[in-house]
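Structure assessment
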Amino acid sequence: MAICSCNNSPKVRTYQDAENEFLASLTNADSLKVLALGDEFMRNLMAGGDLDSVLTSLTMIENNVLYRISDESVSEMKARFLARPVADFACLRYSFSTEANNDLVYRYTTSGKVGTAPGMKLVFNPVKVEGNWYLTLKDGYQSSKDVSPEEQTHPMSPAPDPVRLNRKSFN
């Protein structure tokens, strides 16, 4: 008597699978686009002017849906950048992981040049949805290359769901 066992259950797509697929899909144009978005945002912050317009260009992710940033968040950041305007900035690094978990890190000063004056960091999470890049700010729930290995997403955890646009906020 022979016993045969077949495993017909579908393979679970892991975070590592999603990361490998996403990284393989990227081109140099993606890196250039992300850097251009970040630099443009920082230049506009540094220029002052219409901070509402600059800050409303940001987006936020909630439950894998991309939204325009809330009015409350714009008000909080506007107060921050009015009180301590950006004097100089430099991109420190960028890295990609999945469509909704990436790092774009800037150091900026409120007086003097970067490297000669005390500075702060601004960490963006560039998100790619339907072939387009959007800037969100990194929040405490998202893994970053700046956190310890114990705090990062485990490679064998389930893959994240795809991000989709909230069509109402992008019309």
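Our structure is the block above this text.
Here goes a summary of the coordinates provided. All residue numbers refer to position in the chain's written sequence, counted from 1. Where totals are concerned, whole chains, interfaces and linings use all residues; where local detail is concerned, this predicted model gives features only for residues with pLDDT of at least 70, and gives and counts side-chain atom pairs only at 80 or more. To get the side-chain values, all heavy atoms of the structure are used, and hydrogens and water are removed first.

To continue, consider the pattern of salt bridges. If charged atoms from side chains of opposite charge come close, those side chains can pair. When a carboxyl oxygen of Asp or Glu lies within 4 Å of a side-chain nitrogen of Lys or Arg, that pair is called a salt bridge. This structure, assessed with the given rule, holds four salt bridges. Its salt-bridge partner being Asp-52, residue Lys-78 comes within 3.0 Å of it at the nearest N-O pair. In this pair, Lys-78 sits in helix H4 (residues 71–83) while Asp-52 sits in helix H3 (residues 51–55), placing the two residues 26 residues apart along the sequence. Summary of the burial criterion: residues with accessible area below 20% of their type's maximum are buried, those above 50% are exposed, and those between are partly exposed, where the area comes from a 1.4 Å probe applied to protein chains only. What makes Lys-78 partly exposed here is its relative accessible area of 27%. Segments assigned H or I by DSSP are reported as helices when at least four residues long, segments assigned E as strands when at least two residues long, and all are numbered from the N terminus.

Right, let's get into unusual backbone geometry. Here the phi dihedral of Asn-63 falls at roughly 50 degrees; this positive angle occurs in a residue that is not glycine. The topology assignment puts Asn-63 in the loop between strand E1 (59–62) and strand E2 (65–68). Judged by its relative accessible area of 69%, Asn-63 falls in the exposed class. The backbone of Glu-130 sits at a positive phi, close to 50 degrees, despite the residue not being glycine. Its place among the elements puts Glu-130 in the loop between strand E5 (119–129) and strand E6 (132–137).

The next subject is the nonpolar core. We call a set of buried residues a nonpolar core when its members are Ala, Val, Leu, Ile, Met, Phe, Trp, Tyr or Cys and they connect through side-chain atoms within 4.5 Å of each other. In terms of nonpolar packing, the biggest core is built from 25 residues, with Phe-41, Met-42, Leu-45, Leu-55, Phe-81, Leu-122 and Phe-124 touching the most fellow members. Secondary-structure elements contributing two or more residues to this core are helix H2 (28–47), H3, H4, strand E3 (88–98), strand E4 (101–109), E5 and E6. It is H2 that provides the largest number of residues to this core, a total of five residues. Contact definition: two residues touch when any of their heavy atoms are within 4.5 Å. When residues no more than four places from it in sequence are discounted, the contact partners of Phe-81 are Leu-45, Leu-51, Leu-55, Val-86, Tyr-108 and Leu-122. Ranked by size, the runner-up nonpolar core spans seven residues in total, among them Leu-66, Val-127, Val-129 and Leu-165.

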